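Residue-level structural notes
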Amino acid sequence: MKALTSTPPWAPPTGVAAELLPAGVHWEAVVVPSYLGDRVLARLGRESGAVICDPYGHRLIWLVPPGTTQGWVVPEATCVQLLSVAQHVTVPPGWCTRSAFTHWVRGWAEHGLTDARLLYVVLDAVILAEHGPREHESGAQR
């Protein structure tokens, strides 16, 4: 009989460099431009899971359970990307929490995956505040 462990089935790289890893296996990625991502992170606060900062692309990346972004509707104008099967994310080593390169803003070991439903609600509210209501929707239909 196997002993139960508290170790998650996936962990970030342990070496000295970031690695390009496939989305859609252990997690999916929600890639948010910094102008929205900073507000999303502030609103989520302690409820946020691990977050990767890509300073080159000026974006924050949340990891969520596989299959949980299906059905999300995000306006193209926001440049939010939902990455899943056949797409990849540059993932920094687990220890890398401060760097001029890709790094963790909220570490994997302490925070793990983000609740996708909560992330979607907060992201939608931030997009609404930044971009206004979507053309084909009224507030009551949202």
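Here, every reference points to the structure presented above.
Summary of the structure given here. (Residues numbered from 1 in each chain as written. Predicted model: local features only at pLDDT ≥ 70, side-chain atom pairs only at ≥ 80, totals over all residues. Heavy atoms only, no water.)

1. A few points about the packing of aromatic side chains
Counted only if it meets this: Between rings of Phe, Tyr and Trp, where Trp is taken as its six-membered ring, a pair exists when centres lie within 6.5 Å; planes separated by under 30 degrees are stacked, by over 60 edge-to-face, and by other angles tilted. Think of it this way: any DSSP run of H or I at least four residues long counts as a helix, any run of E at least two long counts as a strand, and we number them from the N terminus. Working definition: with a 1.4 Å probe on protein chains only, accessible area under 20% of the residue-type maximum means buried, over 50% means exposed, and in between means partly exposed.
Per the counting criterion, the structure on display carries 4 aromatic pairs. Considering the side-chain rings of Trp10 and Trp108, the 4.8 Å spacing of their centres and the 90° angle between planes classify their relative orientation as edge-to-face. With a gap of 98 residues between them, Trp10 in the segment before β1 (19–22) and Trp108 in helix α2 (residues 108–111) connect regions that are remote in the sequence. Judged by its relative accessible area of 10%, Trp10 is buried. Its relative accessible area of 10% is what places Trp108 among the buried residues. Following the ring pairs from residue to residue traces out a cluster consisting of Trp10, Trp27 and Trp108.

2. What about the sheet that holds strand β7 (residues 103–106)?
Quick note on the threshold: Strand pairing is defined by DSSP finding a minimum of two bridges between the two strands. Angles shown run from 0 to 180 degrees and are taken between the N-to-C directions of axes, each axis being a line fitted to C-alpha atoms and, for helices, limited to the stretch in contact. Any two residues whose heavy atoms approach within 4.5 Å are treated as being in contact.
In space, the 5 strands of this open sheet follow the order β5-β2-β4-β3-β7, with antiparallel pairing throughout. This sheet does not close on itself; its edge strands, each paired only once, are β5 (81–83) and β7. Along the sheet, successive strands turn relative to each other by an average axial angle of 30°, direction set aside. Here 3 bridges tie strand β2 (residues 28–33) to β5, and the two strands are oriented antiparallel to one another. Note that in β5 the partner of Val30 across the bridge is Leu82. Packed onto the sheet, helix α1 (residues 34–44) meets β2, β3 (51–54), β4 (59–64) and β7 and runs at close to 50° relative to β4.

3. Here's the deal with α1
Think of an α-helix as 3.6 residues a turn; residues three or four steps apart then line up on the same face. How we decide: Picture the helix axis, draw a direction to every C-beta atom, and the arc is the one those directions span.
For α1, the complete set of buried residues consists of Ser34, Leu36, Gly37, Val40, Leu41 and Leu44. Across the axial projection of α1, the buried residues extend over an arc of 155°, all falling on one side. Those residues of α1 that are exposed and angled more than 90 degrees off the buried face are Ala42 and Arg43. Buried residues along α1 sit against β2, β3, β4, β7 and α3 (116–131). One or two residues past the end of α1 sits Gly45, with phi positive at roughly 55°.

4. A closer look at α3
Rule in force here: To estimate the expected span of a helix, count its residues, drop one, and scale the result by 1.5 Å. Polar contact criterion, stated in full: a pair of N or O atoms within 3.5 Å, where within protein one must be able to donate a hydrogen and the other to accept it, and residues adjacent in sequence count only if both atoms are side-chain atoms.
End to end, α3 covers 21 Å across 16 residues, agreeing with the expected 22 Å (1.5 Å per residue, within 8%). Of all the residues in α3, the buried ones are Ala116, Leu119, Val122, Leu123, Asp124, Val126 and Ile127. At its buried positions, α3 is contacted by β2, α1 and β4. You can read the cap of α3 off the contacts: a side-chain oxygen lies 2.9 Å from the backbone nitrogen of Arg117, and it is on Asp115. Looking one or two residues past α3, Gly132 carries a phi angle of roughly 80°, positive in sign.

5. Comments concerning the side chain of Thr114
In this structure, Thr114 sits in the loop between α2 and α3. Since its relative accessible area comes to 2%, Thr114 is described here as buried. Sequence-distant contacts of Thr114, defined by excluding residues within four places in its chain, comprise Ser48, Gly49, Ala50, Trp62, Leu63, Val64, Pro65 and Leu119.

6. Considering the nonpolar core
Heads up, the rule is: By convention a nonpolar core is built from buried Ala, Val, Leu, Ile, Met, Phe, Trp, Tyr and Cys residues, the set being connected through side-chain atoms within 4.5 Å.
Val30, Val32, Val40, Trp62, Leu119 and Leu123 are the most contacted members of the largest nonpolar core, which has 19 residues in total. The set of elements that each furnish at least two residues to this core consists of β2, α1, β3, β4 and α3. Per-element accounting of this core gives the leading share, 6 residues, to α3. The next biggest cluster of nonpolar side chains, apart from the first, holds 15 residues, and it includes Trp10, Ala23, Ile61 and Leu83.

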